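Coordinate inspection notes
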Amino acid sequence: MSDTEGPIKTPKQLLYAVLAAFLVPIVIIVLLTQYVGNLKNPSNASDAYTEEKVLERIAPIGSIRTEPVKVAAAADQVSLSDGADVQKANADPCIIDISAADNMMFNTNTIRFDSTCGETTLNFKHTGKLPANAGGHNVVIVESQNFDSVVSKIDMKLGEDSGYLPNDPQVLAKTGIIGGGQQITIKINTSKFKKGGDYTFLCSFPGHYSIMKGKVLIS
Ligand code: CO
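Residues numbered from 1 in each chain as written. Predicted model: local features only at pLDDT ≥ 70, side-chain atom pairs only at ≥ 80, totals over all residues. Heavy atoms only, no water.

Two numbers describe a pair of aromatic rings. These are the distance of the centres and the angle of the planes. Scanning the model with the defined rule gives six aromatic pairs in all. On the numbers, 4.9 Å between centres and 70° between planes, the contact of Phe-193 with Tyr-199 is edge-to-face. The residues Phe-193 and Tyr-199 share a single accessibility class, namely buried. (Phe/Tyr/Trp six-rings, centres within 6.5 Å; stacked < 30°, edge-to-face > 60°. Buried < 20%, exposed > 50% of the residue type's maximum accessible area, 1.4 Å probe, protein only.)

Turning next to the sheet that holds strand 7 (residues 199-202). In a beta sheet, neighbouring strands are held together by backbone hydrogen bonds and run either parallel or antiparallel to one another. Judged by pairing direction, the sheet is mixed, and its five strands sit side by side in the order 2-8-7-4-5 without closing on themselves. Of all the strands in the sheet, the pair left with one neighbour each is strand 2 (110-113) and strand 5 (171-174). Mean inter-strand twist for the sheet, computed between neighbouring axes without regard to direction, equals 25°. Pairing between strand 7 and strand 8 (residues 213-218): four bridges, direction antiparallel. Bridge pairing in strand 8 links Tyr-199 to Val-216. (Pairing = 2+ DSSP bridges. Helix = DSSP H or I, 4+ residues; strand = E, 2+ residues; numbered from the N terminus. Axes fitted to C-alpha atoms, helices over the stretch in contact; angles between N-to-C directions.)

Here the focus is helix 1 (residues 11-38). The end-to-end C-alpha separation of helix 1 is 41 Å, in line with the 40 Å expected for 28 residues at 1.5 Å each. Maximal helix bending in helix 1 amounts to about 25°, located at Ala-20. (Expected span 1.5 Å × (residues − 1). Bend = angle between axes of the 7 residues up to and from the residue.)

Protein-derived coordination of the cobalt ion comes from His-137 (ND1), Cys-203 (SG), His-208 (ND1) and Met-212 (SD), at a distance range of 2.0 to 2.7 Å. Coordination at the cobalt ion is irregular: its four donor atoms span angles of 83 to 130° at the metal. Expressed as a motif, the donor residue spacing for the cobalt ion is H-x65-C-x4-H-x3-M. Here the two residues Cys-203 and His-208 agree in accessibility, since each one is buried. (Donors = N, O, S within 2.8 Å, 3.2 Å for Na, K, Ca; no water. Tetrahedral: all angles 85-135°; square planar, octahedral: opposite > 155°, others 65-115°.)

On the basis of which strands lie adjacent, the open sheet formed by three strands has the order 1-3-6 and mixed pairing. Each of the sheet's edge strands pairs with one partner strand only, and the pair in question is strand 1 (95-100) and strand 6 (183-189). Ignoring which end each strand starts from, the neighbouring axes of this sheet average 20° apart.

That is the geometry; function is a separate question.
Rendered as structure tokens:
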């Protein structure tokens, strides 16, 4: 008779069956909860489209760092400041980079010679577009007291390479006249410049020197 009534034959079996009826669903719920919780784990594929993960995957394999280009590009960014700032872009105090554009302005009001250099390299760049014969520029260095005397000697017949100036002891240094896009470099013996002396740089293109000029400081 009792054989047909089911597997539970003793009170003990009944107790186990009742306990199992409670515990099994609870264990299943706990396991399901852990499974869903694991979906939030970063290692899981369903988490692959978070911002962090996407950025991680598209991150560049390398990067390019740009540094200021030595010549006019760096100097141009320092507009009409003193020469110390312009030369700061150039680590070597014995190399001076200056430029001028079609607006008839040098990119600095001041250039600085370090008297310990002996020889200083001056790189001058015309960053404009005008040709040399229409809007050329150069760099001429004179003692400030000789400024008027030197500019009175400007003569276009002397040619662009001479800076339209004769070879004259009052002209302490000069470059040729250059046009837009051109660049010129001269070496200047700075030992002939007196510390604390009053020197001026200018462009000797006719008519330019009234505004294209600045101070040369000797340190
Ligand atoms: Co000029």
